[in-house]
Amino acid sequence: MKVTDLGDFEDPILVFGGPYSNLQAFDALKAAARRLDIPAERIICTGDVVAYCADAEATAQAVREFGCAAVAGNCEKQLAERSEDCACGFDSSSQCSILARGWYAHALDQVSQDSRDWMASCPDIVVFTKEERRYAVVHGGLTDISRFIWPVSSDTAFIEEFSAVEEAVGSVDGIIAGHSGIPFVYNTEQRLWINAGAIGMPPNDGSPDTTYVTFDDQPRIHRLRYDFNATRQAMENAELTQGYHETLSTGLWPSEDSLPCIMRHT
Ligand SMILES: [Fe+2]
């Protein structure tokens, strides 16, 4: 297991998840960081740099060149090994799994050996300290990189993940994760679980905006506006028209069966 310790941060930091091959969203994220005066040294990605959208190789190169820390997501792990699927953790009959057969093949075809080598070098956990509180950044979970932790998950799920993380890196006051694509902050036994959401796909709330998180004394979820029409056009040009291209505009997932029933709109 690879661990990167970024040390202690005095100034604000930014955490974002899931660029998902969405180059326009990553450009907007960099612009937002500039406006907030947060350099790449204080920015962390929770993984899945490459996924649903069209610009897989360009986005991988852009994140790598930007120089922020990036935790390996299941997509990085699978692409680094040239595996046959994204291993997102859904049943093979689920809508998300069916749709993945389109974008994953496209990504596997685009991503260069250099980018795969970079993906293979990404850490499993990033740790840092902020305001005398120690945080660990993981992808889905540490018991399972593709574990979906939702705001409605059981306390047991959170406790299992804190135990696994603390066994790996020692005591932490909070965990920051990605993978599920839904941003939230959950307080469990005085400790925080924060999901930064994803910048590359909206969080199924009917808006095309995506999300990222900043930390000063407390985590704060921000909306990210970007040129989603350009991203959609790039997907259509690449014939990635199985459903996620529409999500960029509508803000609604084609794969609601991925979500716990209580979080679905239909
Ligand atoms: Fe993931």
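Details of the structure are given in the entry above.
What comes next concerns the included structure. Every residue gets a number counted from 1 within its own chain, in the order that chain's sequence is written. Local features in this predicted model are restricted to residues whose pLDDT is 70 or higher, and side-chain atom pairs enter the listing and the counts only when it is 80 or higher, whereas totals over whole chains, interfaces and linings include all residues. Just so you know, side-chain values use all the structure's heavy atoms and leave hydrogens and water out.

Any Lys or Arg side-chain nitrogen located within 4 Å of an Asp or Glu carboxyl oxygen qualifies as a salt bridge. According to the stated counting rule, one finds 11 salt bridges in the structure shown. D205 serves as the salt-bridge partner of R223, at 2.9 Å between the closest nitrogen and oxygen. Taken together, the residues span a long stretch of sequence, with R223 in strand β11 (residues 219-224) and D205 in the loop between β9 (191-195) and β10 (210-215) at a distance of 18 residues. We note a salt bridge from R223 to D209, for which the minimum N-O separation is 3.9 Å. Taken together, the residues R223 in strand β11 and D209 in the loop between β9 and β10 connect sequence positions 14 residues apart. A 1.4 Å probe rolled over the protein chains alone gives each residue an accessible area, and that area as a share of the maximum for its type sets the label: buried under 20%, exposed over 50%, partly exposed in between. Judged by relative accessible area, which is 12%, D209 ranks as buried. Each of the salt bridges in this network shares a partner with another, and the network as a whole consists of D205, D209, R223 and R225. Here a helix means four or more residues in a row that DSSP labels H or I, a strand means two or more in a row labelled E, and each is numbered from the N terminus.

Before going further, it helps to spend a moment on the coordination of the iron ion. A donor here means any N, O or S atom no more than 2.8 Å from the metal (3.2 Å for Na, K and Ca); water is not included, so a site may seem to lack partners. At this site the iron ion is bound by D48 (OD), N74 (OD1), H139 (NE2) and H179 (ND1), with donor distances of 2.0 to 2.2 Å. Donor residues binding the iron ion come from one chain and are separated in sequence as D-x25-N-x64-H-x39-H. Highlighted residues: D48 in the loop between β3 (43-45) and α2 (56-66) and N74 in helix α3 (residues 74-80), separated in sequence by 26 residues. By the burial criterion, D48 is buried, and N74 matches it.

With that out of the way, let us pick up the sheet that holds β11. Whether two strands pair depends on DSSP finding at least two bridges between them. Taken in spatial order, the 5 strands line up as β4-β3-β2-β10-β11 in an open sheet, and their pairing is mixed. The open sheet is flanked by β4 (69-70) and β11, the only strands paired with a single partner. The pairing of β10 with β11 spans 6 bridges and is antiparallel. Considered in β11, the bridge of T210 is made with L224. Whether two residues touch is decided by their heavy atoms; if any such pair falls within 4.5 Å, the residues are in contact. Angular values range over 0 to 180 degrees, each being the angle between N-to-C directions of two axes fitted as lines to C-alpha atoms, with helices fitted over their stretch in contact. Against the sheet, helix α1 (residues 23-36) engages β2 (13-16), β3, β10 and β11, with an angle of about 165° to β2.

Bear in mind that shape data such as this cannot, by itself, settle questions of function.
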